Amino acid sequence: MPAPTAGVAAAVAPARPVRRDWRGQRPFWGGLLVTLGGAEILFTLRAPLPVVLHMGMQGIAGYLVPAVMVLCGVLIVFNPAQRLFYSFMAVLASLGSWLTSNMGGFLFGMLLGVIGACVTFGWVPDQPLRRGRARRERRRAQRRSAGSGEAAGPAGA
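Residues numbered from 1 in each chain as written. Predicted model: local features only at pLDDT ≥ 70, side-chain atom pairs only at ≥ 80, totals over all residues. Heavy atoms only, no water.

(A) Quick look at the overall build of the protein. Broken down by element type, the protein carries eight helices and zero strands. For the protein, the succession of helices and strands along the chain, N to C, is α-α-α-α-α-α-α-α. Looking at the protein as a whole, 29% of its 157 residues are labelled buried. Sequence-distant contacts in the protein: of pairs separated by 6 or more residues, those separated by 24 or more amount to 78%. With the model as given, the accessible surface of the protein reaches about 10,500 Å², and the carbon-plus-sulfur share is 69%. (Helix = DSSP H or I, 4+ residues; strand = E, 2+ residues; numbered from the N terminus. Buried < 20%, exposed > 50% of the residue type's maximum accessible area, 1.4 Å probe, protein only. Contact = heavy atoms within 4.5 Å. Areas by Shrake-Rupley, 256 points an atom, 1.4 Å probe, with all protein chains shown as cover.)

Right, here's the structure in full:
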């Protein structure tokens, strides 16, 4: 009787390349960094710390700027056709958070947002694979063709 985890591994294995292909067709990591930066700033707005600094405009701007960052990060991932506009808006919101939201979430959220927006801005959709990844893809294709050839050989004999 096969182990119960073998069935789970077999069910998950085909889904992994599908997720990689989906992530490869969009600026996933840039959008994730922008979203995490906005979320970090939102969480530091209500930090129960005595060192919380309130600089600049208080009130709705402190919540609006990181909310725009989170929205831009989600839209970068799910609508990559407009990634340049969203990355531009994300970098402006990230830099604006320095004044409105505890110095940009104590600098960490602002840096995550700026780095994510720059990664998104530099992402090119139809770029050829890098040498290392192209080599891995060729090896994987050779293994698949060798595996199907071995399975067909003994069955025909």
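(B) Inspection of the environment of glycine 122 at higher detail. Along the polypeptide, glycine 122 turns up in helix 7 (residues 108-122). In this structure glycine 122 comes out as exposed when scored by relative accessible area, which is 55%. Sequence separation of glycine 122 and serine 87 is 35 residues, and the distance between their C-alpha atoms is 9.6 Å.

(C) Just the packing of helix 3 (residues 28-45) against helix 7, in detail. At their nearest, the axes of helix 3 and helix 7 sit 7 Å apart, and the two run at 160 degrees to each other. In terms of orientation, helix 3 and helix 7 fall into the roughly antiparallel class. Our pair here, helix 3 against helix 7, has a crossing hand that is left-handed. Residues Gly30, Gly31, Leu33, Val34, Leu36, Gly37, Glu40 and Ile41 of helix 3 lie in contact with helix 7, whose contacting residues are Phe108, Gly109, Met110, Leu112, Gly113, Ile115, Gly116, Ala117, Val119 and Thr120. Along the lines of polarity and charge, the residues of the contact of helix 3 with helix 7 split into ten nonpolar, seven polar and one charged. (Axes fitted to C-alpha atoms, helices over the stretch in contact; angles between N-to-C directions. Parallel < 35°, antiparallel > 145°, perpendicular 65-115°, else oblique. Left-handed = near helix turned anticlockwise from the far one by under 90°. Nonpolar A, V, L, I, M, F, W, Y, C, P; charged D, E, K, R; others polar.)

(D) Local environment of the environment of valine 34. On the secondary structure map, valine 34 appears in helix 3. Through-space distance from the C-alpha of valine 34 to that of glycine 73 is 4.9 Å; in sequence the pair is 39 residues apart.

(E) How the structure looks around the nonpolar core. By size, the foremost hydrophobic cluster in this structure holds seven residues: Val34, Cys72, Ile76, Tyr86, Ala90, Val91 and Ala117. Secondary-structure elements contributing two or more residues to this core are helix 4 (60-78) and helix 5 (83-100). In terms of residue count, the dominant contributor to this core is helix 5 (three residues). Residue contacts for cysteine 72: discarding those within four places in its chain leaves Tyr86, Met89 and Ala90. (Core = buried A, V, L, I, M, F, W, Y, C linked by side-chain atoms within 4.5 Å.)

(F) The arrangement of a positive patch on the surface in detail. On the surface, a cluster of positive charge is contributed by Arg19, Arg23, Arg130, Arg131, Arg133, Arg135, Arg136, Arg138, Arg139, Arg143 and Arg144. Looking at the positive patch, the elements that each hand over two or more residues are helix 2 (15-24) and helix 8 (131-156). Per-element tally for the positive patch: the top contributor is helix 8, with eight residues. Note on placement: arginine 133 falls in helix 8. (Patch = residues over 30% accessible without salt bridge, like charges linked within 9 Å, V, L, I, M, F, W, Y side chains within 5 Å. Salt bridge = Lys/Arg side-chain N within 4 Å of Asp/Glu carboxyl O. Lys, Arg positive; Asp, Glu negative; His and termini not counted. Charge placed at Lys NZ, Arg CZ, Asp CG, Glu CD.)

(G) Summary view of a nonpolar patch on the surface. A contiguous nonpolar surface patch, about 520 Å² in accessible area, is contributed by Trp98, Leu99, Leu107, Leu111, Ile115 and Val119. Counting residues per element, the ones that place at least two in the nonpolar patch are helix 5 and helix 7. Of all the elements, helix 7 adds the most residues to the nonpolar patch, at three residues.

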